[in-house]
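The lines below spell out each chain.
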Amino acid sequence: MNLILLGPPGAGKGTMAFKLKEEYKLPHISTGDLFREAIKQQTDLGKKVKSIMDAGNLVPDELTSALVKEKLEQPECRRGFILDGFPRTIPQAEALKTFSSIDKVINFTIPEEEIIRRLSGRRVCRSCGESYHTEFIPPAKKGLCDKCSGELYTRDDDTVDAIKNRLAVYRTSTAPLIDFYQKEGLIENVDSSPAPEEVLNILKKILDSRN
Ligand code: AP5
Ligand code: MG
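Residues numbered from 1 in each chain as written. Chains lettered and ligands numbered in written order. Predicted model: local features only at pLDDT ≥ 70, side-chain atom pairs only at ≥ 80, totals over all residues. Heavy atoms only, no water.

Help me understand the side chain of Lys104 in this model?
Looking at the element boundaries, Lys104 is found in strand E4 (residues 104-109). A polar side-chain atom of Lys104 sits 3.5 Å from a polar atom in the side chain of Glu188. (Helix = DSSP H or I, 4+ residues; strand = E, 2+ residues; numbered from the N terminus. Polar contact = N/O pair within 3.5 Å; in protein donor to acceptor, adjacent residues only side chain to side chain.)

Next up, the structure:
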């Protein structure tokens, strides 16, 4: 199963990808996570993308598509994959078509006030990348990941200004992908405002009934 998770920042793409990865034993490819890892490791790629990401702008298409192509060529992606945060522009979607096919695109929908609430309370595990929320999905022990006891931190782009910009960039550059994939007959709209377990159940119904 080759799956894309599409949706605005804070819609719950990462949260659901973590659950689907366990449920269906598929690799989770998040371009945002790949870029954050490159920044952490201070690689050339990391140095290039740091200021772009902190401001909430998009990394250039060619660089991003080449990174995903390389990942999808790995043997572990042969059985399928979950793309989270890619593609994010029409040129990226066109590039993806040249190196992979897609079975389903889940488009998460959520009101903007809820996005702001989610992103301003988000905490992420530095070791395994699991997402928490101070109010909605608090960890059992404050500041520590339930799964690996890693330290929880606030992302550098979860500031008021960067969030506003990410939403604007989403509207201009990413939302047109809904139409793009609608025309290909691949879109399934999913309201991601209910609790995580409820959203997961809806996703499982869609994915299990896939023909
Ligand atoms: P990326 O890391 O992809 O960020 P994003 O798209 O802005 O999305 P988020 O990760 O913020 O949100 P999410 O939907 O994953 O929500 P989450 O599950 O964490 O990209 C970051 C940057 O990298 C970009 O701005 C860009 O610079 C660059 N980049 C990445 N991909 C790129 C590309 N393809 N091209 C160019 N540049 C690219 O949930 C959010 C919060 O809500 C969490 O606290 C979570 O615990 C909580 N939550 C989740 N679900 C629920 C629920 N059902 N109920 C209550 N709370 C919930
Ligand atoms: Mg994410």
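Would you explain the site of ligand 1 in this entry?
If you check the shell around ligand 1, you find 36 residues, and the closest are Thr15, Asn57, Arg122, Tyr132 and Arg166. Relative to its free-state accessible area of 1000 Å², ligand 1 is covered by the protein chains to the extent of 97%. Listed by contribution, the elements that provide at least two residues to the shell around ligand 1 are helix H1 (13-24), helix H2 (31-40), helix H6 (112-120) and strand E6 (131-133). Broken down by element, the shell around ligand 1 gets its largest block of residues, four residues, from H2. Among the residues forming the shell around ligand 1, the class breakdown is 15 nonpolar, 13 polar and eight charged. (Near = heavy atom within 4 Å. Areas by Shrake-Rupley, 256 points an atom, 1.4 Å probe, with all protein chains shown as cover. Nonpolar A, V, L, I, M, F, W, Y, C, P; charged D, E, K, R; others polar.)

Looking at this structure, how should I read the packing of aromatic side chains?
Aromatic ring pairs are defined here through the distance separating the ring centres and the angle between the ring planes. Using the criterion set out here, one finds one aromatic pair in the structure. On the numbers, 4.9 Å between centres and 80 degrees between planes, the contact of Phe180 with Tyr181 is edge-to-face. We classify Tyr181 as buried; its relative accessible area is 2%. Above the ring of Phe18, the side-chain terminus of Lys21 is found at 4.2 Å from the ring centroid. (Phe/Tyr/Trp six-rings, centres within 6.5 Å; stacked < 30°, edge-to-face > 60°. Buried < 20%, exposed > 50% of the residue type's maximum accessible area, 1.4 Å probe, protein only. Lys NZ or Arg CZ within 6 Å of the ring centre and 35° of its normal.)

Got a minute to help me understand the nonpolar core in this structure?
Most often, soluble globular proteins keep nonpolar side chains buried together rather than apart. Within the largest apolar cluster, 23 residues are counted, with the highest numbers of intra-cluster contacts made by Leu3, Leu5, Leu20, Ile106, Phe108 and Leu203. Secondary structure elements with two or more residues in this core: strand E1 (2-6), H1, E4, H6, helix H7 (160-174) and helix H9 (196-208). In terms of residues, this core owes the most to one element, H9, which gives five residues. Contacts of Ile106, omitting those with residues within four sequence positions, involve Leu3, Ile4, Leu5, Leu6, Glu188, Val190, Leu203, Ile206 and Leu207. Listed in part, the 18 residues of the second largest apolar core include Ile29, Leu72, Ala93 and Ile102. (Core = buried A, V, L, I, M, F, W, Y, C linked by side-chain atoms within 4.5 Å. Contact = heavy atoms within 4.5 Å.)

Whenever I open this one, the environment of Tyr170 confuses me. Can you help?
Assignment of secondary structure puts Tyr170 in helix H7. For Tyr170, a relative accessible area of 13% corresponds to the buried category. Taking the C-alpha atoms as reference points, Tyr170 and Glu76, 94 residues apart in sequence, are found 30 Å from one another. When sequence neighbours within four positions are dropped, the list of residues in contact with Tyr170 reads Gly7, Pro8, Pro9, Asn107, Ala175 and Ile178.

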